[in-house]
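These are the residues of each chain, in order.
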Amino acid sequence: MLLLAVSAIWANNGHAQKKPLDHSVYDGWESIQERLVSNDGRWLVYTVNPQDGDGRLVLSSADKSYQLEVPRGYSASISANSRWVVFKIKPTYKETRDARIKKKKPDDMPKDSLGIVELGKLVVMKTPRVKGFKMPSDGGSWVAYQLEKALPDTSKKPAGPVKNPQADSLRKVVDSLTALLNKFPEKVQKKYLDEENSVGMDADEPSASAAGGNDTGSDLVWNNLADGSKKVFKNVTDFVTDKQGNKLAFKTVKNAKDSLSKSYVFAWDIAGSRLDTVMRGFNDVKNLALDEGGTQLAFVSERDSSAKALQKFYKLWYWKNGADSALAIADRNTKWKEENSTVSENGLISFSKSGQRLFFGVAPIVPPKDTTVPEFEKAQLDVWHYNDDYLQPFQLKNLDRELKRSYLAVFYPQDKTVIQLADKSLQDVRITGNGDGRWFWATDDRASRKASQWAGRGKADAYAIDPKSGARMLVKAGLDGVPFGASPAGENLVWYDYADKQYHTWVEGKEFVVSNGVKTALYDEENDVPDDPSPYGLMAWEKDGSTLYVYDRYDIWKLDASGAKAAECLTGGIARKDSLQVRFQNLNRDDNFVEKGKPYLFTLFNTKDKTSGIKWQTLGTDFSFNQQQRQTYPVRLANFVKAKDADMLSYSTETYQQSPDIRVSKPGDAAGRPLDGLVLCQPNPQQSQYNWGTAELVEWKAYTGKMTQGIVYKPEGFDPNKKYPLICYFYETLSDGLYGYIPPSPTPSRLNISFFVSRGYVVLAPDIHYRKGEPGQSAFDYIVSGARYLVKQGFVDSTKMGLQGQSWGGYQTAQLITMTPLFAAAWAGAPVANMTSAYGGIRWESGLNRQFQYEKTQSRIGATLWERQDLYLKNSPLFHLPKVQTPLVIMSNDADGAVPWYQGIELFTAMRRLDKKVWLLQYNNEAHNLVERRNRKDIQIREQEYFDWLLKGEAPAKWLKEGVPAVEKGRDYGL
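Residues numbered from 1 in each chain as written. Predicted model: local features only at pLDDT ≥ 70, side-chain atom pairs only at ≥ 80, totals over all residues. Heavy atoms only, no water.

*Asks:* Provide a residue-level description of the overall build of the chain, including the pertinent values.
*Replies:* The helix and strand inventory of the chain stands at 17 helices and 53 strands. Radius of gyration (C-alpha) of the chain: 33 Å, near the 30 Å computed for a compact globule of 975 residues. Along the three orthogonal principal directions, the C-alpha set of the chain runs to about 90 × 85 × 80 Å. Looking at the chain as a whole, 48% of its 975 residues qualify as buried. At a minimum sequence separation of 6, the contacts of the chain that also span at least 24 residues come to 56%. As displayed, the chain has an accessible area near 48000 Å², and 50% of this comes from carbon and sulfur atoms. Taken together, the 129 basic and 119 acidic charged side chains of the chain have centroids lying 3 Å from each other. (Helix = DSSP H or I, 4+ residues; strand = E, 2+ residues; numbered from the N terminus. Rg over C-alpha atoms; globule rule 2.2 N^0.38 Å. Buried < 20%, exposed > 50% of the residue type's maximum accessible area, 1.4 Å probe, protein only. Contact = heavy atoms within 4.5 Å. Areas by Shrake-Rupley, 256 points an atom, 1.4 Å probe, with all protein chains shown as cover. Lys, Arg positive; Asp, Glu negative; His and termini not counted. Charge placed at Lys NZ, Arg CZ, Asp CG, Glu CD.)

Rendered as C-alpha cells:
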C-alpha cells in the first residue's frame, strides 16, 4: 500500500511539473511536410521537419512494419514501379550556419547529397555534391542526377605566383608615373592618384564569366536503379526526362580547356543505350521539352550572334526519334499575326498529351538598346498617364514579366504547320484537354482594365479559339463573371455570371443557362462585402462533357451541359438540412474529371459544430446518406493522398491539442471512419511536457441581435472559479478553425495563441459579420459583445483584457480603442489609421491602387471617398484618437507592400502628440507580415512582455519603459 501511495505521489508531481511554453521551444517544434504514397500502396514517404534545424525523411510501409529515417532528407520521389526512393540530403544546419557566418561564396557553401533507397531495405546509397535530379513519373526504374562543379584540386601547391608579362609592364608604368607625380603639389597628386582614377581593367573588357569561362557545366549521371549501372555525361547544364522513362535529353557546353570543343544537345535512348546527337554548335539553348513518350524533343536555340550582340534571334527546333538532327521549324521569318515578331526565348515549350501538338511562344522583336548615350546622362523618371491601362507601380511591378511576355503558338508535327493563337488582343490563351482540346479559350479585358482598379474586377469579351486554324468565335461579350474553363475534351465552356447569379455553358456555338432550376443560392450566402457574392464554384465535369457538378453552400448539384435535363441535388437536400458541407476531394493526379461508376472521396464539414468526416461514393449511384454515413468527428481532416494503383488512402487528423499526424486506411475498410486509420507518425511528443489547453466553440448574441460563434481557448487545468486575463484575437470569421492545431511558433505577427494559453491567458477568437459602411461598428458589435459575454461567465477579469490583430485585425484594434475604454492593452500590426489617405494609396507588393478595397471588398465602405466622406471619417481611428485610453503597440514596417507604412506613422505621431501611451515597432526592410525568423522571434518576446506587464502586472521591459535610442541600435534591444 505504501508503494502504491508513493507511486501516486510521483505521478501527481509529474503532472504538476508541466511547464508553460517559453520562447526556446519554437525551433524544435515539428510538422509533417512532404507526403508521398507509392503507386502500389505499400509504401509512404514523408518528411518531419522542425521549425529551424535538421529534419528527417521517413520511409515507411503502410502497415508500419518497416520504417527507415534518413537525417536531413527531402524532395523525395518514388519510382513508378514502387521499388525505389530517390531524394536529396541537406548539409547539417550547423555546417550551413557556420558557412554563412564565414560569408562563404555560393560555390563554397555546403552542398546537398543524393540518397537512394530500395524500399524495404535499410541501406542508403549516397552521392555527395548533387545539384538536382529527375525521375520519370510513369515508367522506368532510373534516375538522372547532376553533380555540382568539381572542387579545385588542392593536392598540389602552386610553385609560385603566376607571371603575367602584360601586368608586370603595366605595374612598371604605374610606378614611374607615381614617382613623377610625387614631385608635384599634394592637390595635383590627389587629382591623379584618386581611387576613382586608379589603373585597372577596362570597364568594357569582358570578364571571364561574360565570355562563358565559368559556364562549364558539370557531370550528369544516368543511373539504372535496377542493376546499378551508370553512364556519365560531361559539361551538362540542363536536362529533362519524359514521363514514361524512355528518354533523357540534355545540353552540354564547350570545354573551357579545349578550344576545338563544341556545345551539343543529346538524347539518350534508354532501351537502346544509344546517344543521339540532336544539335551541335550553338550559343544558347533553352527550354528543353520531351513529349510524354520521349519520341519528340523541342527547344529554342540561338546560333548566329556574337557574344556582345545587342539583339539575338532564337529559333524553334524540333527533333523526332530516329532523325539525324533537329530541324528549325519557326523563326523571325515565319509569317506571324503581327509583323516584326519572332520565336520567344522565354515562352514555355510543351507537347500536348497525345504529342500531336507542340506549344511555344511568339514575341515582338524588341529594338536594340541605345548605347550611344551613357546611362548616367539619361533622365530617370516614370510618366503616369490618365489613359494608361494600369498605374505605373503596377506596370513596374510586372515589368520583367511583360518584357518576357510571349504569345501562345502551336506547331503540328504531322503536317508541319505553325499557327499563332494569342496576340496583343488575346494575350493569355488557355489550352484545354491537356493540349488536345477541341476549343481553347481566352478573354479580352482591355476595355475595363482602368475601371477594374477601383471596381475590383472588370468585364471581358470571352472567345473560343480553334487550335487547328487559329479562328476565333465570340462566346460572350462583356462577360461579368467567373470563367471556369472547358470540359475535359475542350468541347464545351462554362462560366458563372454575376448579373443573373447563374451558371452558363457554351455548347456547339450556343449559350445555355444551366442552373436556373436550382432553388438554393449557388453563391456566397454570407457575403458581407459591398460587391456581388462569389460562386461556391465548380466541382468537376464528367469525362464526356455532358454533365457538370457545382456547389452551393452545403450540397453538390448535377447540371446538364445543354440545360435539357433538370438540375439534381446529389444528397436530396439532406446535407443542407443537417448543415453538412459536402466537398469533392480529387485524388487522381492525372485526371481533372469524374466518371460514372467510379468511387470518389467526399469530405463532410458540419458548419454548426465544426466536426469533420469522409464519405466514399460511387458516382451515378444513389448518394445514400443515412445517419452512419454522415457521421462527423471532432477533428480536422486534410492532406488526402491515394495510391494510384491500390486501395490505400493517406491523410491527416488534427485538433487544437494534437498536431497533424499521418494516417493510412483502406477506403473499403474504414469508409467514413477516419479515426480508425493506422497512425504512422505523430510529431511533437515533447508537447506532453508543457501546459497546453483546450479549444471550445462558444455562442452568444452580438449587439446586432444575431447569434454568433467564436472559439475560446482555455489554459490547461482551467478553473472556472478563477479570474483569467483575456486577449481577443480576430480577423473576420475564425470559428471554422476550431479543430485546427496551432503550434507554438514565432508568427509573422499574429497572436501566438498556444503560447499565451499555455502561460495562463484565455484567448477569444470571435466571428465578425459586417454591415456595409460600418466596419468599425461591426467589429465593436461582435468583439466587445464576445468579451463581455465571457466576463459574465465569471472566469475573465474585466480589468485585464487585451486586443491583438494584424492587418485588417490591426485596423479593427486601432478603431476599437477609440470606441471603448474596456481594454487594458492593445496591439495593432500593420493597421490602417486613416482611410482618407489610405484610399488613394498603392499596394506596393502588387502595384495596385487601394481604392477597390474600400469600394468593393474588405474595408467595406461601399462608396467613393467623395460620395461618402462621412463614412471614411467615421471609420478612421485617426480622427477619434482623443477618446483613446488604452495603451497601444503598433507594428508598421518600412517595406510593407500591403498597408502603406505611413499609416502606422500617422497613428503613432497623432497619439504621441495627444500624450497617449504608444509604441511603434518598425522592422527594417520587412514586409506586411514578418518574413525574417529573427524578427518573428523578437516580436513574440516583445508581445509577451507587453501583455504580461499590462494584463498580469509584471515589471515592464526596458523598451516599454525607456525606449531604445538610435545610438543603442544593435547593441541594446531593450528586452
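*Asks:* Residue-level account of the sheet that holds strand β38 (residues 599-606), with values.
*Replies:* With antiparallel pairing, the 3 strands of this open sheet are ordered in space as β36-β38-β39. Strands with a single pairing partner mark the edges of an open sheet, and in this sheet they are β36 (580-585) and β39 (612-618). Strand-to-strand twist of the sheet, defined as the mean angle between neighbouring strand axes without regard to direction, takes the value 30°. Examined bridge by bridge, β36 and β38 share 6 bridges and lie antiparallel to one another. When the sheet's bridge partners are listed, Val582 is paired in β38 with Leu604. (Pairing = 2+ DSSP bridges. Axes fitted to C-alpha atoms, helices over the stretch in contact; angles between N-to-C directions.)

*Asks:* How would you sum up the layout of surface pockets? Please name residues and give values.
*Replies:* If you add up the space inside the largest pocket, you get close to 1100 Å³. Every residue lining the largest pocket is counted, 33 residues in all, and those nearest its centre are Tyr390, Gln427, Asp428, Asp445 and Arg449. Counting only elements with at least two residues in the lining of the largest pocket, the list comes to α5 (392-397), α6 (399-403), β25 (440-444), α7 (449-455) and β28 (481-486). Tallied by class, the residues present in the lining of the largest pocket amount to 12 nonpolar, 11 polar and 10 charged. (1 Å grid on protein atoms, 1.4 Å probe; cavity = no way out; pocket = protein on both sides within 12 Å on 5 of 7 lines; lining within 4 Å. Points joined across faces, edges and corners; volume = space filled by probe spheres on them. Nonpolar A, V, L, I, M, F, W, Y, C, P; charged D, E, K, R; others polar.)

*Asks:* How would you explain the packing of aromatic side chains if you had to name every residue and give the values?
*Replies:* Evaluated as defined, the whole model comprises 45 aromatic pairs. Judged by centre distance (5.2 Å) and plane angle (20°), the ring pair of Phe718 and Tyr724 falls under stacked. Given the relative accessible area of 22%, Phe718 is considered partly exposed. Consider the rings of Phe756 and Tyr761, whose centres lie 5.3 Å apart with planes at 80°: the pair is edge-to-face. Classification of Phe756 by relative accessible area gives buried; the value is 1%. When its relative accessible area of 1% is taken as the criterion, Tyr761 is described as buried. Joined through ring pairs, the aromatic side chains of Tyr26, Phe755, Phe756, Tyr761, Trp827, Trp919, Tyr946, Phe947 and Trp949 make up one cluster. When the ring centre of Tyr523 is taken as origin, the NZ or CZ atom of Lys501, which lies over that ring, is 5.7 Å away. (Phe/Tyr/Trp six-rings, centres within 6.5 Å; stacked < 30°, edge-to-face > 60°. Lys NZ or Arg CZ within 6 Å of the ring centre and 35° of its normal.)

*Asks:* Please give an account of the confidence of the model for the chain that cites residues and values.
*Replies:* Predicted confidence across the chain gives a mean pLDDT of 91, with 92% of residues reaching 70 or more. Note on residues 170-174: pLDDT under 50 across the span, and 1 contact to partners over four residues away in sequence or across chains. Segment residues 176-214 is flagged for pLDDT under 50; beyond a separation of four residues in sequence, or across chains, it makes 16 contacts in the model. (pLDDT = per-residue confidence, 0-100.)

*Asks:* Could you give me a rundown of unusual backbone geometry, with the residues and numbers involved?
*Replies:* Positive phi values are uncommon outside glycine, yet Glu508 reaches one of about 50°. Inspection of the secondary structure puts Glu508 in the loop between β30 (502-507) and β31 (510-513). Positive phi, close to 55°, is recorded for Ser579, a residue that is not glycine. The residue Ser579 is located in the loop between α8 (574-577) and β36 in this model.

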